Amino acid sequence: MQPRAQRHHRKVRLTKAPLTAAIYLACCSIAWAQSTVPAPAPAPDATTPAPAPTDQPTKESRTLDTITVTSQKRVENLQKVPISVQVLGEQKLKQQDVLSFSDYAKLLPSLSYGTVGGGVFSGPGFAQVYMRGVASGGDGNHSGSQPSVGMYLDEQPITTIEGSLDIHIYDVQRIEALAGPQGTLYGASSEAGTVRIITNKPDKSAFSAGYAVEANAIQDGGTGHVFEGFLNAPMSPSTAIRLVGWQKHDAGYVDNVFGTRTFPTSGITIDNADRATDNYNWANTTGARAALKIDLNDSWSITPQIIEQHQDANGSSGYDPSIGDLEVTHFYPEHSDDRWTQAALTVEGKIGNFDLVYAYSHLNRRVDSHADYSDYGYWYDQPDFGYGAYFVDDSGAFINPSQHIDAKDGYTKTSHELRLTSPKENRLRVVAGLFWQRQGHDIYQRYLVDNLASTLEVTGYPDTIWLTAQQRQDRDEAAFGEVSFDITPKLTATGGMRFFRSENSLEGFFGFGPGYSGTTGEAACFSPDHFHDAPCVNLDKSTHETGSLGRANLTWRIDDNKMIYGTWSEGYRPGGINRRGTLPPYKADFLTNYEFGWKTSWADNRLSWNGAVFQEDWKDFQFSYLGQNGLTEIHNAGQARIRGLETDIRWAATYNLAITAAAAFYDSKLTENYCGWLRPDGNSETVCPAGTLDPNGDVVEGPQAPAGARLPVTARSKGNITARYSFDLWGGDAYGQLTEIYQGDRRTDLRTSEDQLLGDLPAYTLTDLSAGFKKGNWAVDFFLKNAFNKRTELARFAECATAVCGNEPYIVTTQPRTFGVRFSQDF
């Protein structure tokens, strides 16, 4: 292996001359439509595939196409929906070479995300999704809060506690991002918003098929590839099947370089000679999707679907700047094997003139992982702690105190939804339904120290200093409904309610072996049951909550092309059990939204401008952080307020040139102090001037986060602009495209001292370029992502980040400059 420091002189520099030429050709994808083609007939229900935009210019027209969405559980024109919705259509997804969550997240200004933690958990499949600045940070632990943003695949929720599924994006009709509380129609995990991935459905009208092959290379990194294909086949006049498959190799670009580490207490020195390698943060993804559509008669149909994906990921996407650019020195395996299957069934029919939809889904996900945790042992072995003195073998001799983690996490999620929808042409329209969901998480994590003395082990688990073996259950039940009434042909009032019941339970074992005393581990056991093969049970708690959410909206259609609306809406996130049994449960938090928005089209439908301004009040928000023994603790921290503006523009500038832009601006901050402890009534303490004694009797210097402090994770501003120039060439269609993406600076932690330790994330601008040619049924595309090779900072994390512990932060960055070519063909 050649260290990166010796390779820097070989880096390829892309000069501005060819870039200028590429930018001259380039210009953003926009949807176009042919005026000679009639508007597509609306589908009977939200689950029926909506017509996809053509997204291509024609000789007959230069107008924008109609974008169809199902965000309100019925098929509607985006410009008629009184919600702040950002949509990436199928052609836009192709034009931006969107393959994964990180690809589409950068194109949605209302969406931000963080990572669960370090190592493999900073890579694909473990993103924590936030919207509209509703983020306190640190919600991703397996015993943490439920997500505040709901993720859906068609009708099925796909959000798990430790992160949303990173579904490979192919043969997807559109992605909808619904900003703001969607609590009445979408429920508990849609407190701040909802992201919906809508797939293409089986089509019995015609045979179709296609495939795509891509090769790509990362500057100073590895080479990757993508293979994709789909087939749609009518099987009879009433039946069709759709099959989709993909295989992708994401190349690595972070090097695990050779290094040594000496522990002060024992003087033991270790090295990583057996693990040092270049480009070690690679990932392989393989998956398939199959859907069958059967029309039982003119009114009823059933659509079973199954999707399965296997993601094999290695290494850490975070690099250690103290080691070098895109370099780490890690000593133990870092690997995850993420396999999941989701089966779904959708039944559509009519009862009278009402549309009925029943949606069932069952998700089964298993993640086996190994993680390097040696930083923790090293920093706690410094003179102030002498951590290493506790780690000996059976002879009493010092051993290497480094820890590494062996984990097996099993997730299940089953949901049922039954929904009735009245005809949308009626003056009075109704959506009503019932929802039931149960999700489980089997948690198994061993913190290992090699050659550990048997007296220090957890009983029955060799070399295990700490064991977590627990089962978490979350249950949600709800009845919901919305009623819309046209007061006049141009003025519509809507009101909705959702009545819910949620329950959370956590049972099992966590902690040390019998050689330690305290409130965790075997010393705290109260039942001899071998729950999940653990020595005993030291935690068995549950909590439940009931309540209701509301929504009210007034929409005025000024004319056929302009609409304004005002909305009041609520969202919530359920409470739950703290992993440390001595702590009280954390309560549900609630978000109240006040919003004014507009949807407008101008210049004979060549320009659209949509937007919304809002204020959201976040009450008793849940705040997660690592407490004693590295256990996640969750408290209701207090109150916060988010004000913002979201806007997007689509412009058919000329016949050849199309421009789209979207931006979001947020002012998110605490409205009262966060002191860091709870009052006897269970609420967060807000009065703690310097000199106050905390519950432990320690003198504090003031609040951990004062009123007015910015919330973490989300930037004050985020946006993107794309220009796409299309032209005729050699009897085919050619294009050049430029996309600029901007994100402002962000805080890493709510608390002042911890944020100063990790440091703020600086603002950045990314440039993506592409060009291509299409003739007949085949196309070839060239793309250059992160064209100027910017080293962005998407997230920072550390295994040990406190004022009393050595701080070794890692940076998760955008993939370096990547050049690729893609060939596709449709039949």
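Residues numbered from 1 in each chain as written. Predicted model: local features only at pLDDT ≥ 70, side-chain atom pairs only at ≥ 80, totals over all residues. Heavy atoms only, no water.

For sheets, the rule is that strands pair by backbone hydrogen bonds, running either parallel or antiparallel. The 3 strands lie next to each other as β20-β41-β40, forming an open sheet whose pairing is antiparallel. Two strands close off the open sheet at either side, each with one partner strand: β20 (318-319) and β40 (795-797). Bridge analysis of β20 against strand β41 (residues 810-812) gives 2 bridges, and the strand direction is antiparallel. Bridging from a neighbouring strand, Y319 pairs with I811 of β41. (Pairing = 2+ DSSP bridges. Helix = DSSP H or I, 4+ residues; strand = E, 2+ residues; numbered from the N terminus.)

This part is about the pairing of strand β10 (residues 172-179). Counting buried residues along β10, 8 of its 8 residues qualify, which places the element largely inside the surrounding structure. In the sheet, strand β3 (residues 85-89) pairs with β10 via 5 bridges, with the strands oriented antiparallel. In the sheet register, Q86 faces β10, and the bridge partner there is A177. Inspection of the sheet shows β10 paired to strand β11 (residues 193-199) by 7 bridges, in the antiparallel sense. Bridge assignment links I175 to a residue of β11, and that residue is I197. (Buried < 20%, exposed > 50% of the residue type's maximum accessible area, 1.4 Å probe, protein only.)

Turning to the sheet that holds β10, a few remarks are in order. What the 5 strands build is an open sheet, ordered β3-β10-β11-β6-β7; its pairing is mixed. Unpaired on one side and paired on the other, β3 and β7 (156-157) mark the two borders of the sheet. With 5 bridges joining them, strand β6 (residues 149-153) and β11 adopt parallel strand pairing. By the bridge assignment, Y152 is partnered in β11 with R196.

Scanning all chains against the criterion turns up 2 disulfides. Across the disulfide from C525 sits C536; the S-S distance is 1.7 Å. In this pair, C525 is assigned in the loop between β27 (491-511) and β28 (539-559) and C536 in the loop between β27 and β28, connecting sequence segments 11 residues apart. Between C675 and C688 runs a disulfide, and the two sulfur atoms are separated by 2.0 Å. The sign of the -90° torsion about the S-S bond sets the C675-C688 disulfide as left-handed. Taken together, the residues span a long stretch of sequence, with C675 in the loop between β35 (657-670) and β36 (717-729) and C688 in the loop between β35 and β36 at a distance of 13 residues. The pair C675 / C688 is uniform in exposure class, with both members buried. (Disulfide = S-S within 2.5 Å.)

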